[in-house]
Amino acid sequence: MNRLLIINLFISMLWPTLNGEYSLSALFTGFLLGFAVLSIVRRSYGKYFFYAGGFLLYVVYAILESNLKLAVLVLRTVFTPGMHLRPGIVAVPLEISDPFERTLLASVITLTPGTVSVDLGRQDGEDVLFVHTIDLPHPNVLREEIKRNFEQRILRLHDLQASLVEDDAPQMGTAELGDLQMGDSQTRDAPEEGGEKQ
């Protein structure tokens, strides 16, 4: 993926020179042009960045939605006699193992109003992320929402990035593979030195 991104940036910087216009808009146009070309050549490149953009948009949507829900919750608490908030901490089991992706998950949760990532730890033999929330009527519901809305999306990004890495890995040609197999065969058929003479 790094190689494709470098090529994309190179096209972005080359476009103003070819076009004779040096501006941010020309750089952006060059980047979009390079992105379109590379997405046609390597579809996984385009899919990864489209999905990453969709994830960012979803995070913005989740922040706005949580702001609205939090405002409604506070107003209900203020104007409803006898209603109280029930803050609590829930342990969310993690499928994510990459440190960066765990940090990303914790950061997204903290950015969402009403929830704060507290700590990473272990519970019942598995890695968990401890999340504090301002109101916790149903721990299992919050746990499933975090896994479905955030963790699964990050795992999807991880899979797309892994497919990009596989596409960039050098592959051995059939001719080279045939030469290698022939060499192995000749090695097996060659007589051992120091063998018994007849």
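Quick summary incoming for the structure in this document. Throughout this description, residue numbers start from 1 for each chain and increase along the sequence as written. Under the rules for a predicted model, residues below a pLDDT of 70 receive no local features and side-chain atom pairs below 80 are neither given nor counted, while totals for whole chains, interfaces and linings still include all residues. Processing note: side-chain calculations cover all non-hydrogen atoms of the structure and skip hydrogens and water entirely.

### Re the packing of aromatic side chains
- For Phe, Tyr and Trp, rings pair up if their centres lie within 6.5 Å, where Trp contributes its six-membered ring, and each pair is then called stacked (planes under 30 degrees apart), edge-to-face (over 60) or tilted (otherwise). Evaluation of the coordinates by the stated rule reveals three aromatic pairs.
- Their ring planes at 90° and their centres at 5.3 Å tell us that Tyr48 and Phe49 sit as a pair that is edge-to-face.
- For Phe49, a relative accessible area of 28% gives the class partly exposed.
- Ring centres 6.0 Å apart and planes at 45° place the aromatic pair Tyr58 and Tyr61 in the tilted group. On the criterion of helical spacing, the pair formed by Tyr58 and Tyr61 is a turn pair, its members being three residues apart in helix α3 (residues 43-79).
- Three or more aromatic residues joined by ring pairs make a cluster, and in this case those are Tyr58, Tyr61 and Phe150.
- Counted as over-ring charges are cases with an Arg CZ or a Lys NZ within 6 Å of the ring centre that also lie within 35 degrees of the ring normal. Of note, Arg153 hangs over the ring of Tyr58, and the distance from its end group to the ring centre comes to 3.8 Å. The rule is simple: take the accessible area with a 1.4 Å probe, protein chains only, and divide by the maximum for that residue type; under 20% is buried, over 50% is exposed, in between is partly exposed. Secondary structure elements are defined from DSSP: runs of H or I of at least 4 residues count as helices, runs of E of at least 2 residues count as strands, and each element is numbered from the N terminus.

### Quick notes on unusual backbone geometry
- One non-glycine residue, Asp124, lies in the positive phi region at around 55°.
- Looking at the secondary structure, you find Asp124 in the loop between β2 (115-123) and β3 (126-133).
- Residue Asp124 is classed as exposed on the basis of its relative accessible area, which comes to 77%.

### Things to note about helix α2 (residues 24-41)
- The terminal C-alpha atoms of α2 lie 26 Å apart, and with 18 residues this matches the ideal 26 Å at 1.5 Å per residue to within 8%.
- Those residues of α2 not exposed but buried are Ala26, Gly30, Gly34, Phe35, Leu38 and Ser39. For a helix, the expected span equals 1.5 Å multiplied by the residue count minus one.

### Side note on the pattern of salt bridges
- Whenever Lys or Arg places a side-chain nitrogen within 4 Å of a carboxyl oxygen from Asp or Glu, that contact is recorded as a salt bridge. In total, this model carries six salt bridges according to the counting rule given.
- One salt bridge in this structure joins Asp127 and Arg122, with 2.6 Å as the shortest N-O distance.
- According to the relative accessible area criterion, Asp127 is partly exposed, its value standing at 24%.
- Lys147 is the salt-bridge partner of Glu151, the closest N and O atoms lying 2.6 Å from each other. Of this pair, Glu151 and Lys147 both sit in helix α5 (residues 139-168), four residues apart, which is roughly one turn of the helix. Of the two residues, Glu151 and Lys147, neither departs from the other in class, the shared state being buried.
- Salt bridges here are not isolated pairs; linked through shared partners, they connect Glu95, Lys147 and Glu151.

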